[in-house]
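Now for the letters of each chain:
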Amino acid sequence: MASLPAPRALVFDWDNTLVDSWACIQETYNVTFRHFGMPEWTMEETRRSVAASMRDSFPQMFGERWGEARQVFTDAFRAIHLDYLAPLPGAAEMLGDLAGRGLVLAVVSNKRGPFLRREADVLGWSGLFAGLVGADDAAADKPDPAPVAMALDGTGIPLSPAVWFVGDSPIDIECAVRCGCTPVLMRPEPPRPGEFVHTPSCILSSCHDLLALVDQV
């Protein structure tokens, strides 16, 4: 960890990196599956299967009816997502501390942009971020570098190892690698055998640990 570059900016994933979303995600997928008469997912299956955006994953999941599935999912999610919205422990304090140090903060999520920005508004976090970029906002979604470049547009900070990409899933680590940024895995669960194609530069279990690492470097 001592060899990590000091960050000029930190780009965060949103779901299950800053907010606790798994129960909401599972319920929304299962509403969609029930609509199509498909088997529902357990929480374990949800955690294992969800990462890519709908425009990248739904054509494979639902075939020619993926547009219909997208609408069912969107309607179901819109109805419940604010009821489930809850910051992960220490997230608010971490973001405030990092912003107070003058570090540039941004979010890149595969949650659709309007939902992402609504949640940030409700939590009172919008003003902490230079950019809040969700699915469909850029020409391509995470793990493509396009949304990361969009999130940092206007900050004067280029994509480089001095940008830490902090997330909880393999797609976040892949995105960081493709952007030339420093990949930081942050979640309570350790990596499963074979889960990651790309190795994170460091593995943290909590927001508190991230602050401690920033202090260290």
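These numbers come from a predicted model, not from an experiment.

**Examining the state of the cysteines**
Counted under the stated rule, the structure contains 0 disulfides. Sulfur of C202: no disulfide; nearest cysteine sulfur belongs to C207 and is 13 Å away.

**Some details on empty space enclosed by the protein**
For the coordinates displayed, the defined rule picks out 3 cavities of 30 Å³ or more. One number sums up the size of the largest cavity: a volume of about 370 Å³. If you trace the largest cavity, you find 24 residues lining it, with D15, I25, V50, N110 and K111 closest to the centre. Mapped by element, the contributors of at least two residues to the lining of the largest cavity are α1 (22-36), α4 (66-84), β2 (104-112) and α8 (170-179). Within the lining of the largest cavity, the residues separate by chemical class into 11 nonpolar, 6 polar and 7 charged. Considering only enclosed or pocket space, the second largest cavity measures out at about 60 Å³ in volume.

**With respect to the packing of helix α5 (residues 91-100) against helix α9 (residues 207-216)**
Running from amino to carboxyl end, α5 crosses α9 at an angle of 20°, the nearest separation of the two axes being 8 Å. As the angle between them shows, α5 and α9 are arranged roughly parallel. In terms of crossing hand, the pair formed by α5 and α9 is left-handed. Here α5 contributes A91, M94, D97 and L98 to the contact with α9, which in turn contributes C207, L210, L211 and V214. Its residues assigned to classes, the contact of α5 with α9 comprises 7 nonpolar, no polar and 1 charged.

**Examining helix α3 (residues 54-62)**
Taken together, the buried positions of α3 are M54, S57, F58 and F62. Projection of α3 onto a plane perpendicular to its axis shows the buried side chains occupying an angular sector of 100°, all on one side. Residues of α3 that are buried make contact with α1, α4 and β2. In the segment just after α3, G63 is the residue with positive phi, at about 60°.

**Quick word on the layout of surface pockets**
Roughly 460 Å³ of internal volume is contained in the largest pocket. What lines the largest pocket is a set of 23 residues, and nearest its centre among them are N16, D168, R187, P188 and E189. Broken down by class, the residue content of the lining of the largest pocket amounts to 10 nonpolar, 5 polar and 8 charged.

**Here's the deal with the pattern of salt bridges**
For side chains bearing opposite charge, pairing can occur when the charged atoms are close. Evaluation of the coordinates by the stated rule reveals 21 salt bridges. Close ionic contact of D136 with R55 constitutes a salt bridge, the shortest N to O distance being 3.4 Å. With D136 in the loop between β3 (131-135) and α7 (146-152) and R55 in helix α3, the pair connects residues that are 81 residues apart, well separated along the chain. According to the relative accessible area criterion, D136 is partly exposed, its value standing at 30%. Look at R55 and you get partly exposed, because its relative accessible area is 27%. Among the ionic pairs, D215 bridges to R101, the shortest N-O distance being 2.7 Å.

**Quick look at the nonpolar core**
With 30 residues, the main nonpolar core has F12, L18, M94, L98 and L210 as its most contacted residues. Counting residues per element, this core draws most heavily on α9, at 5 residues. The residues contacting L18, other than those within four sequence positions of it, are F12, D13, P87, L88, A91, M94, L95, V107, W125 and F129.

Parameters and conventions
Position numbers for residues start from 1 in each chain and track the written sequence from start to end. Reporting in this predicted model follows two pLDDT cut-offs: at least 70 for local features of residues, and 80 or more for side-chain atom pairs to be given and counted; totals over whole chains, interfaces and linings ignore these cut-offs and use all residues. Note that the side-chain values use all heavy atoms of the structure and ignore hydrogens as well as water. Counting rule for disulfides: a pair of cysteine sulfur atoms within 2.5 Å. Only protein atoms enter the 1 Å grid used here. Points where a 1.4 Å probe fits but cannot escape make up a cavity, open sets with protein on both sides within 12 Å along at least five of seven lines make up a pocket, and a residue lines them when an atom lies within 4 Å of a point. Grid points are joined across faces, edges and corners, and a volume is the space filled by probe spheres set on the points. Only DSSP runs of H or I with at least four residues qualify as helices, and only runs of E with at least two residues qualify as strands; both kinds are numbered from the N terminus onward. Side-chain classes are defined by residue name, with Ala, Val, Leu, Ile, Met, Phe, Trp, Tyr, Cys and Pro counting as nonpolar, Asp, Glu, Lys and Arg as charged, and the others, Gly among them, as polar. Where helices are involved, their axes are fitted lines through C-alpha atoms of the stretch in contact, as for all axes, and angles between N-to-C directions lie from 0 to 180°. Throughout this description, any angle smaller than 35 degrees is read as roughly parallel, any larger than 145 degrees as roughly antiparallel, any in the 65 to 115 degree range as roughly perpendicular, and the remainder as oblique. Crossing handedness: left-handed means the near helix sits turned counterclockwise from the far one by under a right angle, and right-handed means the same turn made clockwise. Throughout, a contact is declared for two residues whenever any of their heavy atoms are within 4.5 Å. Three labels apply to residues, based on accessible area from a 1.4 Å probe with only protein chains included: buried if under 20% of the type maximum, exposed if over 50%, partly exposed otherwise in between. Note: the arc covers the axis-to-C-beta directions of the helix. For this document, the term salt bridge refers to a Lys or Arg side-chain nitrogen within 4 Å of an Asp or Glu carboxyl oxygen. For this analysis, a nonpolar core means a set of buried residues of the types Ala, Val, Leu, Ile, Met, Phe, Trp, Tyr and Cys, connected via side-chain atoms within 4.5 Å.

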